[in-house]
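# Remarks on the overall topology
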Amino acid sequence: MRAHISCVLAASLQCGAAGMALAEQPAAQQSLQELRGDAPAETPRVSVRAVATGLNHPWSMAFLPDDEGVLITERVGNLRMWRPDSGLSAPIKGLPTVYAKNQGGLLDIALAPDFAQSRRVYLSYAEPGEGGRAGTAVGFGVLSRDGRRLEQFEVIFRQMPKLSTGHHFGSRLVFDQRGHLFVTLGENNQRPTAQRLDQLQGKVVRLLPDGAIPKDNPFHEASGARPEVWSFGHRNPQGAALNPWTGQLWVNEHGPRGGDEINIVRAGGNYGWPLATYGINYSGLPIPEARGTSQAGMVEPAYYWKVSPAISGMAFYDAPRYPSWQHSVFIGALKDQSLIRLALDGDRVVGEERLLTGEARIRDVRVAPDGRVYILTDSSQGAMMEVAPGG
């Protein structure tokens, strides 16, 4: 981690950012960086404050109601509680065994919509299987009143078959306004599986809170298809959030070399991977299955990056605290080490700016109930930080 961010761990600082690129009418097929290459005269500034430090590759966070604290997952398999009065807790007990290898480990966290009554905490994680393979699993436990244990942990979903040797697990958890649970699933670095409806790789699935399958899922009665599937043709979706203005699920996913995407996910949609992509192989050669950047019957991305920032966590902003950030969506970037803010007009992206560029790998971004914005930095000495405009 660079010295600039190291300073943040002790005190607030001011950070510049790459400028916002604006377009009159951005097309879904073309990124704003291509449409406009100019930068404004002034670059936006943000203030950053370290909240919790010493986290081991933190992956996700969830804000408990009534200022009870913040739950933070660490990829190595720990769940921690942070409270302003007592700091970071010891690892919470009662978690499942995770496959903590390469990209695998303990991943996302989400509170049940009725958490105030049930105290259910949902986790997604890489689960070990036979032959050294692994797949994404989801379960929930009941958080004890003292916050020290997850009790009665129950697995409600398993990605099958288990195909990963350590790559492309996804995985984000999002509850919609009706209480359905969406789970994003990577294709385990097995490209063709994303187009196979009888396998759970490269999919978004929709479940009921107990793991049951809603009868109105698009493939519930389809022969040869998994009834959990909501959409398919995804590569490695590591960001997802519910659009607060439309109620639609937005997912961002890693492309290969180039072609990171944002997709607005609808029932039964085929999002193209690996047949349609803006990326190429890491070797520089074309994706073997690719037929171009788009295909008939496949959904175009709502936005894409020709050069991959390696996008991660995702959060919409519509809180009154920071008016200049309203009607936007934040996305963490790993390779580009930045916090991306996309300005929105309905479902259209009309501007992009980079905050904290080059400072740290940003794994997750969340908006707290009071409208404050927090990020997680991805390293063996990761941190939870508060980010605010201006300063």
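As shown above, the structure is provided for reference.
Just so you know, these numbers come straight off a predicted model, no measurement behind them.

Here we come to the pattern of salt bridges. For the structure shown, the criterion picks out 22 salt bridges. Among the ionic pairs, Asp364 bridges to Arg172, the shortest N-O distance being 3.6 Å. Of this pair, Asp364 sits in strand S24 (residues 362-367) while Arg172 sits in strand S12 (residues 170-175), placing them 192 residues apart in sequence. Its salt-bridge partner being Arg366, residue Asp364 comes within 3.0 Å of it at the nearest N-O pair. Through salt bridges with shared partners, a single ionic network connects Arg49, Asp370, Arg372 and Glu386.

A few words on the sheet that holds strand S7 (residues 87-88). Pairing between the strands of a sheet is mediated by backbone hydrogen bonds and can be parallel or antiparallel. The four strands lie next to each other as S4-S5-S6-S7, forming an open sheet whose pairing is antiparallel. Across the chains shown, the open sheet's two edge strands, defined by having one partner strand only, are strand S4 (58-63) and S7. Of the pairings in the sheet, the one linking strand S5 (residues 70-74) to strand S6 (residues 78-83) comprises five bridges and is antiparallel in character. What sits directly across from Ile72, in S6, is Arg80.

Taken as a whole, the largest pocket encloses approximately 970 Å³ of empty space. Around the largest pocket, the lining comprises 34 residues; the ones closest to its centre are Val174, Phe175, Leu242, Arg366 and Val367. For the lining of the largest pocket, the secondary structure elements donating two or more residues are S4, strand S8 (106-111), helix H3 (115-118), S12, strand S16 (237-242), strand S20 (311-317) and S24. Looking at the lining of the largest pocket, its residues break down into 27 nonpolar, two polar and five charged. What the second largest pocket holds in volume is close to 360 Å³. Residue lining of the second largest pocket: 22 residues in total, with Gln103, His254, Tyr282, Ala310 and Leu334 positioned closest to the centre. Grouping the constituent residues of the lining of the second largest pocket by class yields five nonpolar, ten polar and seven charged.

On to the sheet that holds strand S18 (residues 260-265), then. An order of S16-S17-S18-S19 is seen for the four strands of this open sheet, with the pairing classed as antiparallel. The outermost strands of the open sheet, each flanked by one partner alone, are S16 and strand S19 (303-305). This sheet shows a mean twist of 15 degrees between the axes of neighbouring strands, independent of strand direction.

Most of strand S10 (residues 134-143) is tucked away: nine of the ten residues are buried. Here strand S9 (residues 120-128) pairs with S10 via nine bridges, running antiparallel. When the bridges of S10 are listed, Ala126 appears paired with Thr136. The loop that links S9 with its antiparallel partner S10 comprises five residues; one of these, Gly131, has a positive phi angle of about 65 degrees. As judged from the six bridges shared by S10 and strand S11 (residues 150-158), these two strands associate in the antiparallel manner. Residue Leu143 lies in a different strand from S11, and its bridge partner there is Leu150.

What counts, and at which threshold
- Residues numbered from 1 in each chain as written.
- Predicted model: local features only at pLDDT ≥ 70, side-chain atom pairs only at ≥ 80, totals over all residues.
- Heavy atoms only, no water.
- Salt bridge = Lys/Arg side-chain N within 4 Å of Asp/Glu carboxyl O.
- Helix = DSSP H or I, 4+ residues; strand = E, 2+ residues; numbered from the N terminus.
- Pairing = 2+ DSSP bridges.
- 1 Å grid on protein atoms, 1.4 Å probe; cavity = no way out; pocket = protein on both sides within 12 Å on 5 of 7 lines; lining within 4 Å.
- Points joined across faces, edges and corners; volume = space filled by probe spheres on them.
- Nonpolar A, V, L, I, M, F, W, Y, C, P; charged D, E, K, R; others polar.
- Axes fitted to C-alpha atoms, helices over the stretch in contact; angles between N-to-C directions.
- Buried < 20%, exposed > 50% of the residue type's maximum accessible area, 1.4 Å probe, protein only.

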